[in-house]
Amino acid sequence: MSTPITHIVLFGVKSDTKPDDVKAAITRFFALKDDCLHPTTQQPYITSIKGGEDNSLEGLQGGITHAFVVEFASAEDRLYYVHRDPAHKAFIQFVGGLIDKLIVVDFAS
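The following paragraphs examine the structure supplied in this document. (Residues numbered from 1 in each chain as written. Predicted model: local features only at pLDDT ≥ 70, side-chain atom pairs only at ≥ 80, totals over all residues. Heavy atoms only, no water.)

## Observations concerning the pattern of salt bridges
Following the criterion strictly, the structure yields one salt bridge and no others. As a salt-bridge pair, D106 and R78 come within 2.8 Å of each other at their nearest N and O atoms. Of this pair, D106 sits in strand 4 (residues 99–108) while R78 sits in helix 2 (residues 75–83), and the two are 28 residues apart along the sequence. (Salt bridge = Lys/Arg side-chain N within 4 Å of Asp/Glu carboxyl O. Helix = DSSP H or I, 4+ residues; strand = E, 2+ residues; numbered from the N terminus.)

## Quick look at the packing of aromatic side chains
Within this structure, the stated rule accounts for seven aromatic pairs. Geometrically, the ring pair formed by F11 and F68 is stacked, given 5.7 Å between the ring centres and 25 degrees between the ring planes. Remark: F68 occurs in strand 3 (residues 66–72) and F11 occurs in strand 1 (residues 5–13); sequence separation between them is 57 residues. The class of F11 is buried, set by a relative accessible area of 4%. When the centroid spacing of 4.3 Å and the interplanar angle of 20 degrees are considered together, the rings of F29 and F68 count as stacked. On the criterion of sequence distance, the pair formed by F29 in helix 1 (residues 19–35) and F68 in strand 3 is long-range, its members being 39 residues apart. Between R28 and the ring centre of F94, over which it is positioned, the NZ or CZ distance is 4.2 Å. (Phe/Tyr/Trp six-rings, centres within 6.5 Å; stacked < 30°, edge-to-face > 60°. Buried < 20%, exposed > 50% of the residue type's maximum accessible area, 1.4 Å probe, protein only. Lys NZ or Arg CZ within 6 Å of the ring centre and 35° of its normal.)

This is the structure:
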């Protein structure tokens, strides 16, 4: 039986990024749930995505402006997403010029 994987993505948007570009990046991130297709079944394989702009009152963000939690049914799905999925690669290309900080943390749940 596969162990589900939780993939946490934290990024800091560059201060000179236009608000419309930030909105587009967020929209594209959420679209990955439907756009990322399993290489064998051609069906979406991301279990869930949630997240958005930081609104913490603690002041401990350290430059992080947005947080997302992506869930996968298995480590194999996560591996495909990280290394091969064309929709994910296109998102990385799009967002690359907009962010100046990126943290990714995964765990098995």
